[in-house]
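Architecture and fold: a report
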Amino acid sequence: MMTNHNAKVWFITGCSTGFGRALAEVVLKQGDRLIATARKPEQLSELVNSFPDTAKAVRLDVTNRQEVDEAVNTALSTFGQIDVLVNNAGYGLLGAIEEVSDSEVRAQFETNFFGALNVTQAVLTHMRSHHSGHILNISSVGGFSGFTGFGIYNATKFALEGASEALAQEVAPFGIHVTIVEPGGFRTDWAGRSMVRSACEIEDYAELSGQTRNWMDREDGNQVGDPARAATAMIEVVNSSQPPLRLVLGADALERIRGELRSVAEELDRWEATSVNTAFSQTASFAV
Ligand SMILES: NC(=O)c1ccc[n+]([C@@H]2O[C@H](COP(=O)([O-])OP(=O)(O)OC[C@H]3O[C@@H](n4cnc5c(N)ncnc54)[C@H](OP(=O)(O)O)[C@@H]3O)[C@@H](O)[C@H]2O)c1
């Protein structure tokens, strides 16, 4: 394929399987250019060999800051720019809050939150000077609503969403868009080989986190969400002149997030009198 110099340059983390792989394939098929990154870049050989002028595979473990800087430098020296960054690399940690160990928790944050932060900071310098760009942060329905047995995964994705909301405001003046992507259940390796289960299981939680463990076993390979269609939806957002801050993917995620919003609104109303009755009493007399 001839190089189309008007094509966008994408930089995607975690392209070995799942969303990253699906998005990489669609991006290349539509003629855009891609820095496809993976912890084992040899897994991308077949893909990049099919698009020798427009694809480059680069080694990247997002927890390794040196590899992050090297990968971004390689992207810029290869294609001269990065138009779209997709912080996709991530995995799930299954276990109740009391069951997970300190090292399991820290490793989860290192990848899902600090990994995305590392890559974002490395790419932003370039996007800011270029006065354009789009960052897609792959969160989850679990980045908006907590699930039993996924508390730490939820925490990493809530952290990513909080930082993304602020980032969107900070970089808007430089023409850079930020979109938080919130998928529900999609048929990737997430619930299977990628899932880390806490080494410790406490009997008292068998009903709760145990149910989530069984749910994941049933889900793996049977999720209704198609990663290729998720990729098409993400491309639609990148091509939009007014991209959303949040893109929910999947009817299951939409239903859960709508339920969460309703429940928060109802609780705000129920406790409104208590919430507002917290100012200094002098403030009330000034207001009279
Ligand atoms: N599938 C779902 O139902 C679902 C729902 C909501 C959100 N998500 C999110 O979607 C994103 C992609 O997951 P997926 O569903 O596509 O699952 P997946 O098929 O397991 O893919 C996960 C990708 O992340 C990579 N990765 C993990 N740790 C990494 C690290 N430290 N550095 C670089 N790459 C790393 C994996 O690389 P290796 O091959 O080397 O392990 C793999 O390429 C994740 O952030 C996940 O939390 C998924």
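Not measured: the values here are computed from a predicted model. The residue numbers shown here count from 1 along each chain, following its written sequence. Confidence filtering applies because this is a predicted model: local features only for residues at pLDDT of at least 70, side-chain atom pairs given and counted only at 80 or more, and all residues used for totals across whole chains, interfaces and linings. Side-chain measures were taken over the full set of non-hydrogen atoms in the model, leaving aside hydrogen atoms and water.

Some details on the overall build of the protein
Put simply, the rule is: A run of DSSP states H or I qualifies as a helix once it reaches four residues; a run of E qualifies as a strand once it reaches two. Both are numbered from the N-terminal end. Within these notes, the globule rule equals 2.2 Å times the number of residues to the 0.38 power, and the radius of gyration is based on C-alpha atoms. For the exposure calls, accessible area comes from a 1.4 Å probe over protein chains only, and a residue counts as buried if that area is under 20% of its type's maximum, exposed if over 50%, partly exposed in between. What makes two residues a contact is simply this: any of their non-hydrogen atoms within 4.5 Å. For accessible areas, the Shrake-Rupley method is used with a probe of radius 1.4 Å. Any residue's cover is judged against the shown protein chains and nothing else. Positive: Lys, Arg. Negative: Asp, Glu. His and the chain ends are not part of the count. For this purpose, a charge sits on NZ of Lys, CZ of Arg, CG of Asp or CD of Glu.
Helix and strand counts for the protein stand at 10 helices and nine strands. The C-alpha radius of gyration of the protein comes to 21 Å, within 12% of the 19 Å expected for a compact globule of 288 residues. Counting every position in the protein, which comprises 288 residues, the buried fraction comes to 46%. Taking the contacts inside the protein whose residues are at least 6 apart along the sequence as the reference set, 70% of them involve residues at least 24 apart. Here the protein displays about 14,800 Å² of accessible surface, and carbon together with sulfur accounts for 51% of that area. Considering the protein, the positive charge centre built from 23 side chains and the negative charge centre built from 36 side chains are found 6 Å apart.

Quick word on the environment of Arg193
So the rule is basically this: Two N or O atoms form a polar contact when they lie within 3.5 Å of each other; inside protein one atom must be a possible hydrogen donor and the other a possible acceptor, and for residues adjacent in sequence the pair counts only when both atoms belong to side chains.
Within the element layout of this structure, Arg193 appears in the loop between strand 7 (176-183) and strand 8 (196-197). Taking the C-alpha atoms as reference points, Arg193 and Tyr91, separated by 102 residues in sequence, lie 9.7 Å from one another. Other than its neighbours up to four places away in sequence, Arg193 contacts Ser16 and Thr17. Here Thr17 takes part through its side chain, which lies 2.8 Å from a polar atom of the side chain of Arg193. In terms of polar contacts, Arg193 uses its side chain to reach the side chain of Asp189, at 3.0 Å.

Observations concerning the site of the ligand
Filter applied, for reference: We define proximity as follows: a residue is near a molecule or strand when any one of its heavy atoms falls within 4 Å of that partner. Site definitions follow a grid-based scheme: protein atoms alone, a 1 Å grid, a 1.4 Å probe that fits but cannot get out for cavities, and for pockets an open set with protein on both sides within 12 Å along at least five of seven lines, plus lining residues having an atom within 4 Å of a point. Placement in a cavity or pocket follows one criterion, namely that more than half of the molecule's atoms lie within 2 Å of its grid points. Under the convention adopted here, Pro, Cys and the residues Ala, Val, Leu, Ile, Met, Phe, Trp and Tyr are nonpolar, Asp, Glu, Lys and Arg are charged, and Gly plus all remaining residues are polar.
Taken together, 29 residues sit near the ligand, with Ser16, Thr17, Tyr153, Thr188 and Ser194 positioned nearest. In this structure, Ser16 approaches the ligand through a side-chain N or O atom, which is 2.5 Å from an oxygen atom. Take Trp190: an N or O atom from its side chain is 3.3 Å from an oxygen atom of the ligand. Put simply, the ligand lies in the largest pocket. Among the elements of the structure, helix 1 (18-29) and helix 5 (151-171) are those that each provide at least two residues to the shell around the ligand. For the shell around the ligand, the per-class residue count stands at 10 nonpolar, 14 polar and five charged.

Observations concerning the pattern of salt bridges
Worth spelling out the cut-off: The term salt bridge refers to a side-chain nitrogen of Lys or Arg lying within 4 Å of a carboxyl oxygen of Asp or Glu.
According to the stated counting rule, one finds 10 salt bridges in the structure shown. Put simply, Arg65 and Asp69 hold a salt bridge, and the shortest N to O gap is 3.5 Å. On the criterion of helical spacing, the pair formed by Arg65 and Asp69 is a turn pair, its members being four residues apart in helix 3 (residues 65-79).

Looking at helix 1
In plain terms, the rule: The span one expects for a helix is its residue count, reduced by one, times 1.5 Å.
Relative to the 16 Å expected for 12 residues at 1.5 Å per residue, helix 1 spans 17 Å between its end C-alpha atoms, a close match to the ideal helical length. Listing the buried residues of helix 1 in full gives Phe19, Gly20, Arg21, Ala22, Leu23, Ala24, Val27 and Leu28. Looking at the residues trailing helix 1, positive phi occurs at Gly31, about 95°.

Some thoughts on the nonpolar core
Burial of nonpolar side chains together is a common tendency in soluble globular proteins. The criterion, for reference: The criterion is simple. A nonpolar core is a set of buried Ala, Val, Leu, Ile, Met, Phe, Trp, Tyr and Cys residues joined through side-chain atoms within 4.5 Å.
Judged by nonpolar contacts, the single largest core of 32 residues is most densely connected at Trp10, Leu23, Leu34, Val86, Met234 and Leu249. A total of seven residues in this core trace back to one element, the largest contributor, which is helix 7 (residues 227-239). In contact with Met234, not counting residues within four places along its chain, are Phe19, Leu23, Leu136, Ile138, Val181, Leu247 and Leu249. If you look at the next biggest cluster of nonpolar residues, it comprises 24 residues, including Phe79, Val123, Leu124 and Ile135.

Regarding empty space enclosed by the protein
Our working rule: Grid points are joined across faces, edges and corners, and a volume is the space filled by probe spheres set on the points.
Under the counting rule described, the total for this entry stands at one cavity of 30 Å³ or more. Roughly 40 Å³ of volume is contained in the largest cavity. Asn87, Ala89, Thr111, Asn112, Ala116, Ile138, Lys157 and Leu160 together form the lining of the largest cavity. Breaking the lining of the largest cavity down by element, the ones donating at least two residues are helix 4 (102-130) and helix 5. Sort the elements by how many residues they give to the lining of the largest cavity and helix 4 lands first, with three residues. In the lining of the largest cavity, the residues fall into four nonpolar, three polar and one charged.

As for the pairing of strand 2 (residues 33-38)
Our working rule: With the strands pointing away from the viewer, any crossover whose connection runs clockwise from the first strand over the helix to the second is right-handed.
Counting buried residues along strand 2, six of its six residues qualify, which places the element largely inside the surrounding structure. Alternating positions in strand 2 separate into two faces, Arg33, Ile35 and Thr37 on one and Leu34, Ala36 and Ala38 on the other, with burial throughout. One crossover worth recording links strand 1 (residues 9-12) to the parallel strand 2 by way of helix 1, and it is right-handed. In terms of handedness, the path from strand 2 via helix 2 (residues 45-50) over to strand 3 (residues 55-59) forms a crossover that is right-handed.

Section: the layout of surface pockets
Of the pockets and cavities examined, the largest pocket occupies roughly 1,100 Å³. What lines the largest pocket is a set of 49 residues, among which Gly90, Tyr91, Thr188, Trp190 and Ser194 lie closest to the centre. Elements that contribute at least two residues to the lining of the largest pocket include exactly helix 1, helix 4, helix 5, helix 6 (209-219) and helix 8 (251-270). A breakdown of the residues in the lining of the largest pocket according to their chemical character gives 19 nonpolar, 21 polar and nine charged. The calculated volume of the second largest pocket comes to roughly 170 Å³. Taken together, 13 residues form the lining of the second largest pocket, with Leu117, Thr120, Ala163, Ser164 and Leu167 sitting closest to its centre. Of all the elements in the fold, those that place two or more residues in the lining of the second largest pocket are helix 4 and helix 5. The residue makeup of the lining of the second largest pocket, split by class, is eight nonpolar, four polar and one charged.

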